[in-house]
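# Structural description and commentary
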Amino acid sequence: MRVLLVGAGGVGTAVTRIAARRPFFEHMVVADYDLSRAEAAVAAAGRTPERFSAAFADASDEAAITTLLREHRCDVLLNATDPRFVMPLFGAALAAGAHYLDMAMSLSAPHPGTPYAECGVKLGDAQFERATAWEEAGRLALVGMGVEPGLSDVFARYAADELFDTIEEIGVRDGADLTVEGYDFAPSFSIWTTIEECLNPPVVYESDRGWFTTEPFSEPEVFDFPEGIGPVECVNVEHEEVLLIPRWVTAGRVTFKYGLGEEFINTLRVLRQLGLDRTEPVTVRSDAGPVRVSPRDLVAACLPDPATLGERMHGKTCAGTWVRGTKDGRDREVYLYHVVDNQWSMREYGCQAVVWQTAVNPVAALELLATGVWQGAGVLGPEAFDARPFLDLLTEYGTPWGLREQ
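Predicted model, so just to flag it, every value in this text is computed and none were measured.

Before going further, it helps to examine the sheet that holds strand β6 (residues 140-142). A sheet is described by the order of its strands in space; here seven strands give the open sequence β3-β2-β1-β4-β5-β6-β19, paired in parallel fashion. Edge positions in the sheet fall to β3 (52-56) and β19 (378-380), since each of these pairs with one other strand and no more. The mean angle between the axes of side-by-side strands here comes to 20 degrees, regardless of whether they run parallel or antiparallel. The pairing of β6 with β19 spans three bridges and is parallel. Of the residues in β19, the one forming a bridge with L140 is G378.

A few words on the pairing of strand β13 (residues 253-258). The two faces of the sheet receive side chains in turn, since in a regular strand these alternate between them. Most of β13 sits out of view: six of its six residues are buried. Alternating positions in β13 separate into two faces, R253, T255 and K257 on one and V254, F256 and Y258 on the other, with burial throughout. As defined by bridge partners, strand β7 (residues 166-176) adjoins β13 across six bridges and the pair is classed as parallel. Within β13, the position partnered with R173 by the bridge is K257. Note: strand β9 (residues 203-206) against β13, two bridges, orientation antiparallel. By the bridge assignment, E206 is partnered in β13 with R253.

Now for a nonpolar patch on the surface. Taken together, the side chains of Y33, L35 and F56 present a nonpolar region at the surface, about 340 Å² in accessible area. Note on placement: F56 falls in strand β3. Judged by its relative accessible area of 48%, F56 is partly exposed.

In this section: the environment of G12. Counting through the fold element by element, G12 comes out in helix α1 (residues 10-19). Judged by relative accessible area, G12 falls into the buried class, the value being 0%. Linking G12 and E221, residues 209 residues apart in sequence, is a C-alpha distance of 33 Å. Beyond its immediate stretch of four places on either side in the chain, G12 contacts L5, G7 and A80.

Turning to helix α12 (residues 342-349), its buried residues are N342, S345, M346 and Y349. Taken around the axis of α12, the buried residues stretch over an arc of 105 degrees, which confines them to a single face. Opposite the buried face of α12, at more than 90 degrees from it, the exposed residues are Q343 and R347. Among the residues of α12, the N-terminal cap falls to D341, whose side-chain oxygen and the backbone nitrogen of Q343 are separated by 2.8 Å. Looking one or two residues beyond α12, the residue adopting positive phi is G350, at roughly 70 degrees.

This part covers the pattern of salt bridges. Scanning the model with the defined rule gives 24 salt bridges in all. Where R22 meets E367, a salt bridge forms, and the shortest distance between an N and an O atom there is 2.9 Å. Here R22, found in the loop between α1 and β2 (27-32), pairs with E367, found in helix α13 (residues 353-370); they are 345 residues apart in sequence, far enough to count as distant. The residues R22 and E367 share a single accessibility class, namely buried. Here R347 and E348 are joined by a salt bridge, their closest N and O atoms 3.8 Å apart.

Turning next to unusual backbone geometry. With an omega of 0 degrees, the peptide bond running from E148 to P149 counts as cis. In this structure, R73 takes a positive phi of about 55 degrees despite not being glycine. As for its placement among the helices and strands, R73 is situated in the loop between α3 (62-71) and β4 (76-79). Classification of R73 as exposed rests on a relative accessible area of 55%. Residue D328 is not a glycine yet carries a positive backbone phi of 55 degrees. For D328, the location among the structural elements is in the loop between β17 (316-327) and β18 (330-341).

Parameters and conventions
- Residues numbered from 1 in each chain as written.
- Predicted model: local features only at pLDDT ≥ 70, side-chain atom pairs only at ≥ 80, totals over all residues.
- Heavy atoms only, no water.
- Pairing = 2+ DSSP bridges.
- Helix = DSSP H or I, 4+ residues; strand = E, 2+ residues; numbered from the N terminus.
- Axes fitted to C-alpha atoms, helices over the stretch in contact; angles between N-to-C directions.
- Buried < 20%, exposed > 50% of the residue type's maximum accessible area, 1.4 Å probe, protein only.
- Patch = residues over 30% accessible without salt bridge, like charges linked within 9 Å, V, L, I, M, F, W, Y side chains within 5 Å.
- Areas by Shrake-Rupley, 256 points an atom, 1.4 Å probe, with all protein chains shown as cover.
- Salt bridge = Lys/Arg side-chain N within 4 Å of Asp/Glu carboxyl O.
- Contact = heavy atoms within 4.5 Å.
- Arc of directions from axis to C-beta.
- Polar contact = N/O pair within 3.5 Å; in protein donor to acceptor, adjacent residues only side chain to side chain.

Below, the structure written as structure tokens:
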């Protein structure tokens, strides 16, 4: 397998460090708009640099990415950029006859009239609209294959196949006790993506109603996370799992709730009040004359790069899927989870916990595709595949998952 990895930020760099230890691929081209970042990610691969090379890539240029895929004879494109670039990369892979894998899906747009009741354009709609073209080409677009979405969706499929006869509710629950020394506000993941998913109307699925939306940060609940993290208040956030899981798993209700904390939520609300969550450029005066700047890009530029925070971070992060239903005529409730300790991920890989936990899942998925364990054509989510081989491989990677009876 020959891989084109687009995006050499924190997650992309973690991908190279994880993949370097596995034999399933022949070569990985690491491409980024900042060539020096791509070169640094290749250097980070460490023990097997001959299996990696760096290249310049503009992720917004579909034609250029198509050419890059063909020049390097890549079988698959792994998208490690933010969601703005999903569609050009998705299109380039199809045009080049390559498979495609991402960790976040195409962007949503709120309903123009009732944004907090009805869905407008949903996450992933633009990709699923092209499913027939992918099927006819005999190529696979595996979408939402990070940790959340990704591993959380694998957990949902595993629960449906092996743990339950009927499922009443599936709730993805994400929480952490991570702290960052020296910063009053320092998100552990891309602030651009965090603003997008947290301030958009959250989507909820109910079998008798379909998909609908609510107010941001709605339905607060306290969820007790395992391995010492403890109780964290979680709220509704827009996320791909709610759009993916019901396509392949039968459940009465599906939600995604994120443990953000009151201070984080208040900061996001202030950004919205000030218009700093906007992506449309505004004109700003400078010494060089008027310049056009996206407020959200400015916010991101003012905050530390999450990938550089590992040495200052302490604690654990937990991603997981809570499932309630019946098995053998009895009520059952479980939480399937994956915890990463920042001290461990820094010691073993030199990557902070959140980006490492995100990166390990697409690498494992690529290995299953390379070995033929997972096969398919079209636009498919993680739920479309047998969960057990993935979970076994995750344990083989040295990062076991857990199951807690509630």
